[in-house]
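Residue-level listing of the chains:
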Amino acid sequence: MTNQATLILIKPDGLKKSLTGNILTRLSETKLEIVAAKITRVSQGLAEEHYQHLKDKPFFEDLIKYIRGELHNRRKVMALVYWGEDAITKCRQLVGSTNPEEAEATSIRGSYGRITTSGVYENVIHVSSDEKEAQREIRLWFQPDEIIVNLYPSKEVLEKEKKRKTWA
Ligand code: IDP
Ligand code: MG
């Protein structure tokens, strides 16, 4: 049994279309464990780093706007880490092909995705493509103490005089 972790993002179109519950219900078919979850804003830097493998594509600029929520007036995504046996294969199977028009009709992207007239693949969800990418992406989106299992090596650092917000 090989336990894997995968990053899942419910993209801004998924949030705008109120699909969070539907998508999480579909993903629960995998019986995988959720080990991290948050709603988060996506900075320009995070978006560009996340999609670094596509930076030479003609749709890159639109893709960055899309994941940052600029196309949907929803400047956030829901980020989760799913963990368990064959997590990546199981999630990718449920999520479906990148192109929502080619995705199997019953998959998440097949059910809820669309291609806009300007050519953006609005496919409502992101899932890591393989273990290497999953590790790169999870380390990018989450800090070790936001994940309830030890996925990757981490270290403790002492931070002096660092400002942080607490409840007043
Ligand atoms: P994936 O999300 O299925 O892993 P990637 O090739 O990693 O697919 O592409 C990342 C995202 O970039 C896709 O989910 C989609 O939103 C967008 N994208 C990929 N290929 C195209 C394209 O040919 N036209 C428009 N958008 C695309
Ligand atoms: Mg990918």
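Source: prediction; values computed, not measured. (Residues numbered from 1 in each chain as written. Chains lettered and ligands numbered in written order. Predicted model: local features only at pLDDT ≥ 70, side-chain atom pairs only at ≥ 80, totals over all residues. Heavy atoms only, no water.)

A. Geometry of the overall build of the protein chain. The secondary structure content of the protein chain amounts to seven helices and six strands. Since a compact globule built from 168 residues should have a radius of gyration of about 15 Å, the 16 Å found for the protein chain is in line with a globular shape. When the backbone C-alpha atoms are referred to their principal axes, the protein chain occupies close to 50 × 40 × 35 Å. Looking at the 168 residues of the protein chain, the share that counts as buried comes to 42%. Pairs at least 24 residues apart make up 73% of the contacts formed inside the protein chain by residues separated by at least 6 positions. Split by element, the accessible area of the protein chain, about 10500 Å² in all, is 47% carbon and sulfur. In the protein chain, which carries 27 positive and 24 negative side-chain charges, the distance between the mean positions of the two groups comes to 6 Å. (Helix = DSSP H or I, 4+ residues; strand = E, 2+ residues; numbered from the N terminus. Rg over C-alpha atoms; globule rule 2.2 N^0.38 Å. Buried < 20%, exposed > 50% of the residue type's maximum accessible area, 1.4 Å probe, protein only. Contact = heavy atoms within 4.5 Å. Areas by Shrake-Rupley, 256 points an atom, 1.4 Å probe, with all protein chains shown as cover. Lys, Arg positive; Asp, Glu negative; His and termini not counted. Charge placed at Lys NZ, Arg CZ, Asp CG, Glu CD.)

B. Just the pairing of strand 1 (residues 3–10), in detail. Within strand 1, seven of the eight residues are buried, which leaves the element mostly enclosed by the surrounding structure. Here strand 1 runs beside strand 3 (residues 77–85); their pairing, made up of eight bridges, is antiparallel. Within strand 3, the residue paired with I10 across the bridge is M78. Relative to strand 6 (residues 125–127), strand 1 runs antiparallel, the two being bridged by three bridges. From the neighbouring strand, L9 faces strand 6, where its bridge partner is H126. (Pairing = 2+ DSSP bridges.)

C. Expanded view of the layout of surface pockets. In this structure, the largest pocket spans a volume of roughly 540 Å³. The wall of the largest pocket is formed by 17 residues, among which Q143, P144, D145, S154 and K155 lie closest to the centre. For the lining of the largest pocket, the class distribution of residues is nine nonpolar, three polar and five charged. Of the volumes computed, that of the second largest pocket is approximately 420 Å³. Taken together, 21 residues make up the lining of the second largest pocket; nearest its centre are K11, Y51, L54, T98 and N123. Taken together, the elements giving at least two residues each to the lining of the second largest pocket come down to helix 4 (60–67), strand 6 and helix 7 (131–141). Sort the elements by how many residues they give to the lining of the second largest pocket and helix 4 lands first, with three residues. A breakdown of the residues in the lining of the second largest pocket according to their chemical character gives eight nonpolar, seven polar and six charged. (1 Å grid on protein atoms, 1.4 Å probe; cavity = no way out; pocket = protein on both sides within 12 Å on 5 of 7 lines; lining within 4 Å. Points joined across faces, edges and corners; volume = space filled by probe spheres on them. Nonpolar A, V, L, I, M, F, W, Y, C, P; charged D, E, K, R; others polar.)

D. A look at the side chain of D13. Along the chain, the position of D13 falls in helix 1 (residues 12–16). Looking at D13, its side chain comes within polar contact range of the main-chain nitrogen of V124, at 3.1 Å. (Polar contact = N/O pair within 3.5 Å; in protein donor to acceptor, adjacent residues only side chain to side chain.)

Just distances and angles here, no functional claims.
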